[in-house]
Amino acid sequence: MSKQKYSLKKNITYNDELELRNNTVPYQNDISQTTAANPQKESDYEKCDLFKGRSIPELNGPLYTNWSCSTIPESKNCQLNGRKDVDYMNWKWKPDDCELQRFDAKKFLSIVLCKKLAFIGDSVARNQMESLLCLLSQGETPKDIYKDYEDRFRIFYFPAHDFTLTVFWTSFLVVGEDKGIVNGSTTNVLHIHLDKIDVNWAQKLPGVDYAVISIAHWYFRKNYLYEGGQLIGCTYCNEPDVPDLGIPFAVRKVFEYVLKYINDCKECNEDLITLVRTFAPAHFENGYWHGGGVCNRTSPYTEEQINFASSEWELRSSQVNAFEKYKNTTEGKRVEILDITRAMMMRPDGHPGPNWKDQYGQNHHDCLHWCLPGPIDIWNDLFMAVLQKNV
């Protein structure tokens, strides 16, 4: 099949793709057999860029449903909340040069036997943990053993594998302070210290074997940036005496600092493996959250429809640059990349959209988080592949 067959000028649909695959001869990079019929050799990952590819139909459907996974939060349970279409659950990621295995709960649990895994970040990091929890629950039922009063720090335990799965909430990875109070309320103008770690998660890092770090969405607001206690700039401040340094600058500096902090952590496990999960794009159109933004698309984009000059890709590049700087200049704890940005820029169909309710039962368009099951499960397909490739 020539690549031109996939370069459609409209959103590809599940039926479009199936018709192409059924009526043409696969080109050499296309593997039409399922993983079960043609199991991927783990060694093939060594010569494969896992993160460059396209979406193709998953003929076997999702690995779990909102019936088989009891831990799906209501806010991401899109079918329960009234979403009628189902094709968004029936796509998988196809790297250009290899076949990506479907997630295998038993294999993953064997990799993390007697280990502790922490997702460290904001609510999107929590979203990935919720996806992994559903995927793993098909292999072993976990015990929910802890949550804090805000439900931001969670611990699940898989006793048969002595495996602990946790999420540590942080908005910025570093310290972000709201110093302003107007009429008794906070201003939501934050002062971010690019070189001061957020101890709320950092103090929990010792004992962790795998850490998946990610942030970015909380940077999309007016913030003042500090280094060494001195104001050096801002984001979205539009003030003549304070340079607007941009979100990619802030994110790159934070990841450089956090990777150094983790490497220098004396109390942390020497064999701790950190994964930098790249930016997960939102897909608001005609506005943003609570500002008229919507996301009603029901099929993936082609690569030709995404913009590699966008702020999403620039943010991804700032994280990759920080990762590469660490890999090229530092000897110490292992760091790997979990680069999901390209794959998710192509998935505007995977968000709850209008099928999301707030704590008051009101519907809003959530074009930031991801339906379960849905495209976010691909992140954990890639996560398992990275572990297989590097562990």
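See the structure shown above.
An account of the accompanying structure is given in this report. (Residues numbered from 1 in each chain as written. Predicted model: local features only at pLDDT ≥ 70, side-chain atom pairs only at ≥ 80, totals over all residues. Heavy atoms only, no water.)

**Topic: the environment of Lys-84**
How we decide: The helix and strand labels rest on DSSP assignments: H or I over at least four residues marks a helix, E over at least two residues marks a strand, and numbering proceeds from the N terminus. Summary of the burial criterion: residues with accessible area below 20% of their type's maximum are buried, those above 50% are exposed, and those between are partly exposed, where the area comes from a 1.4 Å probe applied to protein chains only.
With respect to the helices and strands, Lys-84 occurs in the loop between strand S1 (53-57) and strand S2 (91-95). Lys-84 sits in the exposed class, given a relative accessible area of 75%. The spatial distance from the C-alpha of Lys-84 to the C-alpha of Asn-355 is 9.6 Å, given a sequence separation of 271 residues.

**What about the state of the cysteines?**
Using the following cut-off: Note on terminology: disulfide denotes any pair of cysteine sulfur atoms within 2.5 Å.
Counted according to the given criterion, the structure contains six disulfides. In this model, Cys-48 is linked to Cys-98 through a disulfide, with the two sulfur atoms separated by 2.1 Å. Between Cys-48 and Cys-98 the disulfide shows an S-S torsion of about -65°. By sign, it is left-handed. Separated by 50 residues along the polypeptide, Cys-48 in the loop between helix H1 (14-23) and S1 and Cys-98 in the loop between S2 and helix H2 (105-111) bring together distant segments of the chain. In this structure, Cys-48 and Cys-98 share a single accessibility class: buried. The disulfide partner of Cys-78 is Cys-371, and the S-S distance across this bridge is 2.1 Å. Disulfide Cys-78 to Cys-371: torsion about the S-S bond roughly -95°, handedness left-handed. Highlighted residues: Cys-78 in the loop between S1 and S2 and Cys-371 in the loop between strand S17 (363-366) and helix H8 (376-390), separated in sequence by 293 residues. By sequence-ordered numbering of the bonded cysteines, the protein chain has its disulfides arranged as 1-4, 2-5, 3-12, 6-7, 8-9, 10-11.

**Description of empty space enclosed by the protein**
Operational definition: The distinction between a cavity and a pocket rests on a 1 Å grid over the protein atoms alone: a 1.4 Å probe fits inside a cavity but cannot get out, while a pocket stays open yet meets protein on both sides within 12 Å along at least five of seven lines, and a residue with an atom within 4 Å of a point counts as lining. Grid points are joined across faces, edges and corners, and a volume is the space filled by probe spheres set on the points. Polar here means any residue outside two lists: the nonpolar Ala, Val, Leu, Ile, Met, Phe, Trp, Tyr, Cys and Pro, and the charged Asp, Glu, Lys and Arg; Gly therefore counts as polar.
Throughout the structure, instances matching the rule amount to three cavities of 30 Å³ or more. Counted as a void, the largest cavity has a volume near 230 Å³. As for the largest cavity, its lining consists of 22 residues, of which Trp-91, Arg-102, Asp-377, Ile-378 and Asp-381 are closest to the centre. Of the residues contributing to the lining of the largest cavity, the split by class is twelve nonpolar, four polar and six charged.

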